[in-house]
Every structure is written in C-alpha cells, then in structure tokens.
Amino acid sequence: MSDATTPVNNGWWQRVQPLLPYFLTAALFALGAFALYHLLKPVDLKQVMTQVRATPLHIIVLALLAMLTAYAALVGYDWSALRYLGKKLPLPIIVTGGFLGYALGNTIGAGPITGGAVRYRIYSALGLTGYDIAAIAVFGSVAFGLGASVIGFGALAYHPHALQSLTSISPVALRWGAIAALLASLALVAGLGLRKSEIAIRGHRFKAPSLRLMAGQFLFTAIDILMAATVLFLLLPANDLGFATFLAVFAAAIFAGVASHVPGGVGVFETVIIAALPASVPVEQAAAGLLLYRLIYYLVPFALALVLLAVSEFHMASGKVRSPAFQALAPVFGAVSAVVPLAMSAMIFASGVVMLLSSLIPSSSDLADELELLLPLGFVEGGALLSSTIGVALLVIAHGMLRRAEGAYWLAMLALGAGIVASLMQGLDYDRAVVLLVMLVILMPCKREFFRSTRLTRSPLSLRWLLLVASVLIAAMGVLFFAHKATPFSADLWWQFATDQAAPRALRAGLVGSVVVAVLILIMALRPPRITAQLATAEELDRAKTIVASQANPNANFVLTGDKSILFADNGRAFLMYRVQGRSWIALGDPVGDPEAAGQLVWEFYDAANAANGRAVFYEVSATYLPLWAEMGLALHKMGEEGVVPLDTFSLDGSNRKKLRATYNRAGRDGLSFQVLSAPVDDPTLATMHAISDHWLADKKSKEKQFSVGRFDAAYLRRFPIAVAYHNGRMVAFANILTTDLKGKATIDLMRHVDDAPSGLMEYLFIAIMLHLKAEGYAAFSLGMAPLSGLETRRGSRWTMKLADLVYRHGRHFYNFEGLRAFKNKFDPEWRPRFLAAQPQANILVIAADAAALIAGGLQPSSAALSRGAAKEAEPA
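Note that the structure is a prediction, hence the values are computed from the model and not measured.

## Things to note about the overall build of the chain
- Tallying secondary structure elements over the chain gives 31 helices and 14 strands in all.
- The buried share of the chain, taken over its 877 residues, is 51%.
- When contacts within the chain are restricted to residue pairs at least 6 apart in sequence, long-range pairs at least 24 apart make up 75% of them.
- Summed over all atoms, the accessible surface of the chain reaches about 37300 Å², with 64% contributed by carbon and sulfur.

## Here's the deal with the environment of W585
- In this structure, W585 sits in strand β5 (residues 584-588).
- Through-space distance from the C-alpha of W585 to that of N610 is 9.5 Å; in sequence the pair is 25 residues apart.
- Residues contacting W585, with those up to four places away along its chain left out, are I531, R579, V580, F605, A608, A609, A612, G614, R615, A616 and V617.

## Topic: the side chain of R432
- Residue position: R432 is located in helix α18 (residues 430-443).
- In terms of polar contacts, R432 uses its side chain to reach the side chain of S358, at 3.3 Å.
- If near-sequence neighbours (up to four positions away) are discounted, R432 is found in contact with V354, M355, S358, S387, S423 and Q426.

## Quick look at the pairing of strand β7 (residues 615-621)
- Burial within β7 is extensive, with seven of its seven residues counted as buried.
- Examined bridge by bridge, β5 and β7 share five bridges and lie parallel to one another. The residue of β7 that forms the bridge with I586 is V617.

## Some thoughts on the nonpolar core
- Residues Y293, Y297, M344, I348, M401 and L443 are the most contacted members of the largest nonpolar core, which totals 117 residues.
- When near neighbours in sequence (up to four residues on either side) are disregarded, M344 contacts L306, L309, M401, I442, L443, C446 and F450.
- Ranked by size, the runner-up nonpolar core spans 75 residues in total, among them V559, L560, V681 and I844.

## Concerning the packing of aromatic side chains
- For the structure shown, the criterion picks out 30 aromatic pairs.
- With centroids separated by 6.1 Å and ring planes inclined at 80°, the aromatic side chains of F712 and F734 adopt a geometry described as edge-to-face. Of this pair, F712 sits in the loop between α25 (683-700) and α26 (714-717) while F734 sits in strand β11 (residues 730-738), placing them 22 residues apart in sequence.
- Residue F734 is classed as buried on the basis of its relative accessible area, which comes to 0%.
- For the ring pair Y716 and F720, a centre distance of 5.1 Å and an interplane angle of 70° mean the geometry is edge-to-face.

## Considering the packing of helix α14 (residues 340-360) against α18
- Interhelical geometry of α14 versus α18 gives an angle of 160° and a closest axis separation of 11 Å. Between α14 and α18, the crossing angle belongs to the class labelled roughly antiparallel. When the axes of α14 and α18 are compared, the crossing they make is left-handed. For the pair formed by α14 and α18, the contact residues are M344, M347, I348, S351, V354, M355 and S358 on the first element and R432, L436, M439, I442 and L443 on the second.
- The class makeup of the residues in the contact of α14 with α18 is nine nonpolar, two polar and one charged.

## Concerning the confidence of the model for the chain
- Per-residue pLDDT for the chain averages 77, and the proportion of residues at 70 or more is 71%.
- Every residue in residues 1-10 scores below 50 in pLDDT, and together they form 21 contacts with partners more than four places removed in sequence or on other chains.

Definitions and cut-offs
Residues numbered from 1 in each chain as written. Predicted model: local features only at pLDDT ≥ 70, side-chain atom pairs only at ≥ 80, totals over all residues. Heavy atoms only, no water. Helix = DSSP H or I, 4+ residues; strand = E, 2+ residues; numbered from the N terminus. Buried < 20%, exposed > 50% of the residue type's maximum accessible area, 1.4 Å probe, protein only. Contact = heavy atoms within 4.5 Å. Areas by Shrake-Rupley, 256 points an atom, 1.4 Å probe, with all protein chains shown as cover. Polar contact = N/O pair within 3.5 Å; in protein donor to acceptor, adjacent residues only side chain to side chain. Pairing = 2+ DSSP bridges. Core = buried A, V, L, I, M, F, W, Y, C linked by side-chain atoms within 4.5 Å. Phe/Tyr/Trp six-rings, centres within 6.5 Å; stacked < 30°, edge-to-face > 60°. Axes fitted to C-alpha atoms, helices over the stretch in contact; angles between N-to-C directions. Parallel < 35°, antiparallel > 145°, perpendicular 65-115°, else oblique. Left-handed = near helix turned anticlockwise from the far one by under 90°. Nonpolar A, V, L, I, M, F, W, Y, C, P; charged D, E, K, R; others polar. pLDDT = per-residue confidence, 0-100.

Pasting the structure below:
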C-alpha cells in the first residue's frame with residue numbers, strides 16, 4: 001500500500017516510456033535528413049531558389065489545379081465514410097470538415113491523428129458520436145492504404161524498372177512480387193466487401209463496407225493519388241521517366257514516408273524520389289521541384305484552411321445572423337471554431353520556423369544582395385539577430401496559443417508585427433514581410449477563441465513540445481551548415497562584420513536564437529510549480545471549506561478528507577481536488593466554486609499533467625461542463641448515473657409511496673428511532689460509531705477507502721451532522737450528512753450499521769434523512785452513484801462499454817450493481833449521468849486501474865474497487 005500522505009513516485013521509466021515513439025521518430029527523421037543531405041551535397045541553395053523562382057507560371061497553375069482536384073477527392077473520403085455509417089450531414093459541413101481535417105492534418109503531421117482531432121471537434125459539435133468520428137478516420141486510412149497499394153503495385157508490375165536504382169532485386173522478381181502483392185490487395189478488398197461479420201480495430205467494432213461502396217471509394221483514392229503524383233510530376237524537370245513509371249516511384253516514396261512515422265514523411269519522401277530519378281536530372285532542379293511540391297500540396301491548402309477559419313471567426317464575431325448565407329453556414333462556422341486554437345498554434349509555430357531559417361539562409365535574389373550592400377551594417381546585422389530572436393520566441397508562444405492563452409494571442413500579434421519590421425531590415429525581404437502580414441490579418445479576427453487570462457510561464461512546456469522545439473533548432477543548425485557549406489568555418493568568423501559576410505551573420509543569429517530559447521525554457525522550468533502532488537495542508541483545507549459552504553454541490557465536501565491535493569483558482573473563489581497515481585492526474589468531480597474560474601482551473605490542471613508527461617483525467621464529472629470538455633477535445637466515458645430525489649415532491653403520502661410508508665411505519669413498531677446529531681459530535685458518540693464501523697468493515701471483509709469516498713476519521717466526521725438510527729435506545733447505524741450553506745442539495749458519505757440490524761434498517765434511514773432534510777429546507781437529496789448503469793451498448797459501442805454493461809447485468813459475484821440501482825429506484829429519483837473525461841487516445845483500462853488504486857488506498861485494488869468506491873458505500877442492507 002502506498003502512503004496516503006506522500007506523493008506517488010512515478011519512476012523515471014514511466015516518464016520516459018511514452019516518449020520512446022517520439023525519440024524513434026526523431027531518429028528516423030535524422031536518418032532521412034542525413035541521407036537527403038548526402039544526396040544534396042553538391043547542391044547550392046541559391047541555385048535551388050533560383051530554379052524555384054524560374055518555374056513557369058502555367059506549370060504552377062496546372063499544379064494548383066491538380067492539388068485542388070486531389071483535395072476534392074480527399075473530401076470524398078469523408079463523404080463515403082458517412083454513407084458507410086448511414087449518417088447524413090449537409091454537403092457544406094462535409095466539405096468543411098473533410099478539407100480542414102486533411103489540410104491541417106497533412107501539414108501539421110500525423111495526419112490520421114491530427115485530422116481525426118479536427119474532425120472530432122467539428123463533427124461532435126454537429127451530433128456525431130466518438131464512434132462515428134473514429135469510424136470516419138479508420139475508413140479513410142484503410143481506404144487510402146488499400147488504394148495506394150493497388151495503384152502502386154499495379155504501376156510497379158507494369159514497369160518494374162522504376163525502382164531499379166533503389167534496390168538490387170531484379171526487375172523480373174520485382175514484377176512478380178508486385179503482381180502477388182496486387183492480387184493480395186484485391187483479394188483483401190473483395191474479402192472485406194463480402195464479409196458479413198464485424199471487424200474489430202483498437203477496441204471498436206465496424207461492419208464491413210459493401211463492394212459498391214468500396215468501388216466508389218477506390219475511385220476517390222485513385223483520383224487523390226493520381227492528382228498528387230501529377231503535382232510533383234509537373235514540378236520536376238523533364239526526364240526519361242514516363243508517368244506510369246513515376247507513379248510506382250511516387251507510391252514507394254509515400255509508403256516509405258508513412259512507414260517512417262516522420263510527420264509528412266519529410267526527408268524520407270524526398271530521399272526516395274531523388275534517388276529514383278535518372279542521373280541525367282540535375283539534383284538542384286529536382287530539389288526545387290520537391291520544394292515547390294511541399295509548398296503547393298501542403299502549405300497552400302493549409303493557408304486556405306487558415307483563411308477559412310479567419311472568415312468564420314470574423315462572421316461569428318460580427319454577429320451578422322440576419323444574413324441568409326450566414327444562417328445557412330452558421331452550424332459550419334460554429335463547429336470549426338473549436339479547431340481555431342490548433343490551427344493558429346500551427347501557424348504561429350510555422351512563422352517561427354520561417355523567421356529562424358530566414359536569419360540563417362543567405363538571400364536568394366540579386367536585389368536583396370545589392371540592398372544589403374547599400375544598407376547600414378548595423379541595420380543588416382540587427383535584422384538577422386532580430387529575426388532569430390522573434391523566430392524562437394514564436395516557437396514558445398505557439399504553445400500558449402494551443403492552450404487558448406489570451407497573453408499568447410497578444411504576444412503573437414506583437415511578434416508578427418516585429419517580424420515584418422525585421423524582414424524589411426534584412427535586405428527588404430518583401431516576400432517574408434507579406435507572408436507575416438497575411439498571418440497577422442488571419443489571426444486578428446480569432447481573438448474570441450483566446451480567453452484564458454493566464455501567464456505563459458504558468459503553462460510549462462510539455463516534454464513533447466520541448467522535443468519539437470529541439471528538433472527545429474537542430475534542423476535549423478543543419479540548414480545553416482548546408483547553406484554555408486562552401487564557407488571555411490573557423491573561430492574568426494564570429495568576429496567578422498561586413499555587409500557581404502552572410503555566414504558569420506548567420507552564426508551569430510543562430511547563437512542568439514539558441515540562447516533566447518534556452519533562457520525562455522529555463523524561466524519556465526525553474527519557476528516553482530503551482531501544481532504539485534503534495535496533499536493539502538490544514539490552511540488549504542480551511543480555505544476549501546469556505547468555498548464548499550458557498551456553493552451548491554455537497555460532494556465538494558470530499559475535499560475535507562485530507563487525502564487529496566488542491567488547486568485553487570487565481571481569484572481564490574474556486575478549486576479543483578485531485579491526486580496523482582502512476583501517469584494519471586485524476587481530478588475528482590467538477591470544479592468547485594465560482595463557475596467563471598472553471599475554465600482556468602481545468603486548463604491549468606491539464607497543462608500541468610502534460611508538462612509532467614502525464615494524462616489529465618476528470619473523474620465522475622456531471623453534465624454541467626460538457627461544453628468545456630468538448631472545447632478541450634476530451635472524450636467522455638459514461639461511468640453511471642447519480643440518483644437525485646427532489647425533496648419538494650418527496651413524501652410518504654399517496655398510493656405510489658405505499659411501500660415506503662409501510663417500511664417506515666414498521667421500523668417504528670420494531671423499535672427503530674432516528675436523530676440528527678449536530679456537528680461536532682462528542683467523543684463517546686464517536687467511540688460508539690467507531691465500533692460500529694469496525695464491525696461493518698469486518699463483516700464486509702473490506703477496508704477503508706479514500707479519494708472518492710470518506711473514511712472513518714474523527715477529524716473528518718466532526719465536520720458534519722451525523723444521522724443516527726437507534727434500536728430500543730442502542731445505536732445501530734449512522735451516516736454523515738454532506739451539506740452546504742445554500743441548501744440546494746445534500747447527500748451522505750459513510751453509512752454503516754451493526755451486523756444484527758433489524759430488517760429494513762437502511763431503507764428506513766434513507767427515508768428519515770430525506771424527511772429531515774426536507775423539513776430543514778433542502779431542495780434535493782443525492783442517493784449517490786449507480787455505477788455502470790444507463791450505458792448504451794448499441795452496435796459500434798466500445799468493447800469497454802459493452803464489458804461494463806455485461807458486468808452491470810451479470811457481475812453479481814463482483815458487486816450487486818443492478819440491485820443497488822433497484823434499491824435506489826424505490827425513492828423515485830431523477831437519474832443524472834456521470835462521466836470520466838480524458839484524452840481520446842488515452843487507455844481507459846489503465847486510467848480505471850489508477851483510479852481504483854487511489855480509491856482502494858493502494859496499488860492492488862480489489863476487482864470492483866472502482867465501482868464500489870463510486871457507489872459511495874450506500875448499498876442496501
């Protein structure tokens with residue numbers, strides 16, 4: 001058993017293990033970058049930029065048209081997926097959700113994950129369930145994989161010489177291997193189409209799509225891949241590769257990029273393409289074509305998505321609801337608002353990368369070179385140093401944008417404006433200045449999405465974000481040495497100041513940028529954490545008690561058990577109670593106190609968990625803050641339902657209360673009586689209660705629990721009035737009543753009785769407590785949770801949901817869940833859902849195990865500890 005008074009030691013392995021995929025991705029990216037550097041070694045960066053600028057306009061236009069056609073086909077993926085699910089959404093919403101999902105996902109990286117997150121925010125706001133959205137993502141990924149396999153292997157079978165420069169396998173063997181793989185892919189497609197049973201993928205069950213639907217989707221996939229290949233084929237220099245041969249190379253490059261798990265396949269994709277091109281193709285021309293391909297196929301759609309978001313935010317902020325066009329698109333605008341922080345964060349991060357690289361790369365135009373000779377030396381040097389400083393600052397500010405920090409928004413506006421000035425100082429770089437100005441205009445109407453009044457230093461950088469920033473800095477250093485590889489580096493370069501000396505200026509800019517980002521990270525890292533795993537002090541418990549008394553939720557009294565940590569809001573009028581178990585940071589219940597502070601509390605808690613490489617979990621929350629959980633992108637898992645009895649209508653009168661009236665009257669005839677003892681109770685009474693509690697625990701073969709329930713502790717119980725049942729003058733049962741000064745709702749915590757209690761004792765005690773509270777003016781009484789009840793088990797429900805329902809209906813050897821709800825139904829309660837909110841990708845079984853360990857008071861909870869704890873021990877006798 002872990003000590004309840006000490007923080008849980010997560011261990012270094014628990015903190016490092018989740019980061020291994022990121023380290024592996026970084027390693028694969030480094031290998032791809034090294035291979036690409038080797039291939040581009042003879043290339044002059046200035047020649048590459050000259051080739052880019054010299055690309056004919058009609059080629060650019062044709063490439064843009066091909067790109068738009070490809071993205072139209074990508075939207076078709078969502079359209080097919082919705083048909084597969086039997087869901088109907090207006091076409092503008094499908095186009096918006098699909099385009100934003102692919103435009104943001106392809107550019108930010110990890111397309112299925114990022115695009116899925118975008119769809120989750122948009123489609124969930126329009127009524128689709130998490131299962132529906134997961135099915136759309138899975139459908140698209142599987143459709144692309146199968147379609148790319150068929151097209152790629154088909155092209156390779158047609159022209160096996162396409163990959164001759166990449167492998168030593170003979171063309172004949174490649175052809176037969178491609179034919180075998182092609183037939184296997186087609187057989188898989190046919191098998192899926194003819195399959196009648198469901199398919200299980202990562203805990204979800206899906207029906208197999210029909211052959212007709214798969215044929216239509218294959219058409220979308222073919223258009224997507226053919227048009228994407230056409231974009232690159234147009235931009236590459238003319239060569240001996242025919243389009244069919246190039247298609248095999250393109251498919252191989254896509255597979256290599258996907259297999260590497262590097263975001264966007266950056267480095268890996270380019271390496272395969274350059275290596276497969278004929279030796280007659282100049283490498284600098286191939287590099288120029290690949291650079292333009294990244295710009296047109298990735299950054300142009302990303303820019304269009306940002307413009308779309310800015311337009312929607314402008315319309316939402318202006319409130320022009322009388323416009324018929326606005327009214328038709330209002331659901332779309334409202335849905336895409338949830339995507340704004342993610343998109344703007346990516347935009348600001350990208351602007352930081354642009355500013356940082358611009359300070360390291362020499363000018364690529366003759367006009368800029370001439371202007372640098374004419375401008376004062378301090379002007380040119382200052383522009384490079386300022387660009388570097390602004391660039392690394394934007395990398396850090398982007399993290400605050402993702403967390404909706406208002407301060408990050410204003411700092412981003414200021415930094416973009418300063419970046420425009422720095423661009424003009426650095427050789428009058430109008431291109432970069434215009435790009436930053438466009439970003440500034442896009443960001444301006446999005447102010448309403450950044451409302452968290454928190455300091456950036458309050459939101460520590462997560463380990464993942466630190467790895468991302470570190471990767472950018474390392475890549476920037478690689479770009480620096482690549483761009484100036486013709487320069488003989490020496491210690492003297494640091495002190496060379498001249499308008500025509502770009503390499504020393506880039507070195508100084510890189511150093512300044514590295515120092516600035518190191519200082520910013522140190523400031524955040526060395527700032528004393530506001531959120532720790534330390535248990536609440538006596539002073540903090542007194543502060544919390546004052547807040548509890550001034551609000552309506554009686555369950556907030558569980559903070560007074562003393563076995564939890566407390567996070568107070570900035571205004572001091574609200575708090576969140578939580579514990580850390582393993583990597584799970586588990587907050588109990590809704591934020592307590594001032595509703596205006598709820599957003600600040602949960603975001604700060606969420607940020608702290610991420611910074612500690614943990615997972616934020618909100619346990620047993622009500623429906624009160626559903627919009628907040630959706631805004632944060634959290635998935636809701638229903639835990640059960642809380643039974644609440646309206647006391648204004650509760651009585652023992654009438655035919656529908658005949659059984660309750662009979663039980664209450666029979667208890668009186670059997671010698672039972674009831675009394676509520678005011679707080680604090682005296683020591684002799686506590687001693688009697690303690691004896692009853694010990695016998696109750698022994699009879700149940702149980703031990704004291706914690707976290708979501710109270711335990712027998714004299715200091716804790718003295719805080720509350722105690723409901724007591726006597727049998728012929730002897731105390732036979734007790735329960736502590738949790739209340740607040742508002743008298744909106746009351747509940748009980750510990751309810752324990754002797755083993756020889758008269759029949760109907762617990763039902764009598766419930767009735768007596770409710771009648772007493774009604775007389776005292778309370779509005780409602782909570783019977784506590786009925787765990788695992790009210791769960792939906794329709795087709796497509798998660799297997800964990802189905803398992804929970806199975807345990808609820810048939811798990812009597814664990815705990816009588818169904819009997820507990822039946823007992824509480826005697827009082828005709830209103831059933832209100834209770835949820836567990838966590839990140840969609842979080843392992844719910846691991847979270848449940850961590851929560852059960854907290855409730856059980858150790859690391860080896862009993863099989864039903866989680867659900868029994870949620871029941872608040874209010875079981876029938």
